[in-house]
Amino acid sequence: MEAINYNILDGLNNDLLEVISKNTIITITDALGRIEYANNNYCKIMECDVSKLVGETHELLKSHLHANKVYKELWKTIKAGHKWQGVLNDISDTGKLFWLDTTIVPIINEEENRIKYVAIYKDVTKYELENTQLLESKIAYSKYMSIYQSIDVGIIVVTDNVGNITEWNKGAEIAFGYSKAEILGHPLSILLSIKYRKGNIKELLAIISKIKESQNTDIIELCCIRKNGSEFPVEFTLNSLSLDNSNFYCASMLDITKCKELGNKLTLKTKVLELFLKRSKQDEDSVSEEFPDLLNNEEVITHEKEIANIEFANRTTNIDKRHTPFESNNPELGIYNYKRKDINLDIISK
């Protein structure tokens, strides 16, 4: 306090100087920027003892965290005898980053023809950190939105905590037919089929209740409606997210129209096959009931073998068509014996 009392604040009593020192952050440097005085509040910010500061070059006035342009302007201003004001930041001895709203005033001692610089600071670290985090958050959010809005695979819809749509992606725009300007601010229910809306909303409320209770949620099937009035089925999942102390819900949907169509076709084909098998079984049972000895009749079996032999003979190659058929073994069935060029083949053997 001696330097302040003697050189700058001459005429002020010690009690007033004590109050000023306790409630402000102050340093005094010489013309070369070497610290002559630093009060306890400044030592706390720097996290070091005053004995390590006095006589040393003011680190804050040459911090590597600032561009040379800042320091050139600072020194140019105070050397010209003018006040300089701005925010400077540095790192404490323990590695903590801090910001100080700084006002530097040149004090000229005409008797000694010397100049000193009195710096008064206000700790704005908390404010600057919040601004930095907010800026980083905005940058990250901007990048996220650019990526998110360009995704056209899948349907993503973001709502606020009361269910009003705040964002959606390109895929949602394509699926529902609304532009972003048309849909933002409307409730999510506008996308649900009117016919099934009541039941779908009931399912959504059940999911939201599970989310609030930190329970796992299931994928559900909803019926949605496009701008043109056509309906389509989707698989629907809902998750919660928090941004800037606000709660949102993110709905992910997948159009399953083609899957449903394929499923319906498979179901229909399965029913047709079951009906065919049922009728085949009924026909077989009907023959057995009407002609119980028919399936085991020797003549019928022989007749079936002869028909099979005819089919085989018709497929046999290199038949010598110059030979006429021999006497029919069974003229009624048209069964004959043929001779091949290389071997004799008796088609019907008895």
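Residues numbered from 1 in each chain as written. Predicted model: local features only at pLDDT ≥ 70, side-chain atom pairs only at ≥ 80, totals over all residues. Heavy atoms only, no water.

## Things to note about the sheet that holds strand E8 (residues 220–225)
Remark on secondary structure: sheet strands pair via backbone hydrogen bonds, oriented parallel or antiparallel. Here we have 5 strands laid out as an open sheet, ordered E7-E6-E10-E9-E8, and antiparallel in their pairing. Of all the strands in the sheet, the pair left with one neighbour each is strand E7 (165–168) and E8. Taken pair by pair, the neighbouring strands of this sheet meet at an average axis angle of 35°, ignoring direction. Pairing geometry for strand E6 (residues 155–160) and E7, over 3 bridges, is antiparallel. Among the inter-strand pairings, valine 158 is bridged to a residue of E7, identified as glutamate 167. (Pairing = 2+ DSSP bridges. Helix = DSSP H or I, 4+ residues; strand = E, 2+ residues; numbered from the N terminus. Axes fitted to C-alpha atoms, helices over the stretch in contact; angles between N-to-C directions.)

## Some words on the pairing of strand E9 (residues 231–243)
Pairing geometry for E8 and E9, over 6 bridges, is antiparallel. Residue glutamate 221 lies in a different strand from E9, and its bridge partner there is glutamate 235. As consecutive antiparallel partners, E8 and E9 are separated by 5 residues, and within that stretch glycine 229 has a phi angle of approximately 95°, a positive value. In terms of strand pairing, E9 meets strand E10 (residues 246–255) through 10 bridges, oriented antiparallel.

## Topic: the side chain of threonine 125
Its place among the elements puts threonine 125 in helix H5 (residues 125–150). A relative accessible area of 13% places threonine 125 in the buried class. With sequence-adjacent residues up to four places away left out, threonine 125 is seen in contact with Leu97, Phe98 and Trp99. (Buried < 20%, exposed > 50% of the residue type's maximum accessible area, 1.4 Å probe, protein only. Contact = heavy atoms within 4.5 Å.)

## Focus on the environment of serine 51
Position of serine 51 relative to the elements: it lies in the loop between helix H3 (40–46) and helix H4 (68–79). Sequence separation between serine 51 and tyrosine 37 is 14 residues, and the spatial gap between their C-alpha atoms is 9.9 Å. Within the structure, the side chain of serine 51 is placed 2.6 Å from the side chain of aspartate 49, a separation counted as a polar contact. (Polar contact = N/O pair within 3.5 Å; in protein donor to acceptor, adjacent residues only side chain to side chain.)

## Quick notes on the environment of aspartate 160
Among the secondary structure elements, aspartate 160 is positioned in strand E6. When the C-alpha atoms of aspartate 160 and asparagine 247 are compared, they prove to be 6.5 Å apart, with 87 residues separating the residues in sequence. Beyond its immediate stretch of four places on either side in the chain, aspartate 160 contacts Thr166, Asn247, Phe248 and Tyr249. From its side chain, aspartate 160 meets the backbone nitrogen of glycine 163 in a polar contact 3.0 Å long. In this structure the side chain of aspartate 160 is engaged in a polar contact, spanning 2.9 Å, whose partner is the backbone nitrogen of asparagine 164.

## Let's talk about the confidence of the model for the protein chain
In the predicted model, the protein chain carries a mean pLDDT of 75, and the fraction of residues at 70 or more is 66%. Taken element by element, the predicted model of the protein chain shows its lowest mean pLDDT in helix H1 (residues 2–8) (41) and its highest in E8 (93). Contacts for the low-pLDDT stretch residues 1–7, under 50 throughout, to residues beyond four places or in other chains number 19 contacts. Taken together, the stretch residues 317–350 has pLDDT below 50 and engages in 37 contacts with residues farther than four places along the chain or on a different chain. (pLDDT = per-residue confidence, 0-100.)

## Considering the layout of surface pockets
Estimates place the volume of the largest pocket at around 290 Å³. Lining the largest pocket are 15 residues, and of these Val162, Gly163, Leu188, Leu204 and Ile208 sit closest to its centre. Element by element, the count of residues in the lining of the largest pocket is highest for helix H8 (residues 197–212), at 4 residues. Across the lining of the largest pocket, the residue classes tally to 10 nonpolar, 4 polar and 1 charged. (1 Å grid on protein atoms, 1.4 Å probe; cavity = no way out; pocket = protein on both sides within 12 Å on 5 of 7 lines; lining within 4 Å. Points joined across faces, edges and corners; volume = space filled by probe spheres on them. Nonpolar A, V, L, I, M, F, W, Y, C, P; charged D, E, K, R; others polar.)

## Quick look at the nonpolar core
By size, the foremost hydrophobic cluster in this structure holds 25 residues, and its most contacted members are Ile155, Val157, Trp168, Phe176, Leu191, Phe236 and Met253. Mapped by element, the contributors of at least two residues to this core are E6, E7, helix H6 (170–176), H8, E8, E9 and E10. Among the elements that take part in this core, E9 stands out by supplying 4 residues, more than any other. Among the nonpolar cores identified, the runner-up in size contains 21 residues, and Ile35, Ala38, Leu53 and Tyr121 belong to it. (Core = buried A, V, L, I, M, F, W, Y, C linked by side-chain atoms within 4.5 Å.)

## A closer look at the environment of serine 189
Looking at where serine 189 falls in the secondary structure, it is placed in the loop between helix H7 (180–183) and H8. Measuring from C-alpha to C-alpha, the distance between serine 189 and leucine 204 comes to 9.8 Å, with 15 residues separating the pair along the chain. Non-local contacts of serine 189, meaning those with residues more than four positions away in its chain, are made with Arg197 and Ile201.

## Side note on H8
If you check H8, its first and last C-alpha atoms are 22 Å apart, about what 16 residues at 1.5 Å a residue would give, namely 22 Å. What H8 keeps buried is the set Asn200, Leu204, Ile207 and Ile211. Projected down its long axis, H8 shows its buried positions confined to an angular sector of 60°, all on one face. Relative to its buried face, H8 has exposed residues pointing more than 90 degrees away, namely Lys198, Lys202, Leu205 and Lys212. Positive backbone phi, approximately 60°, marks serine 214, located one or two places after H8. (Expected span 1.5 Å × (residues − 1). Arc of directions from axis to C-beta.)

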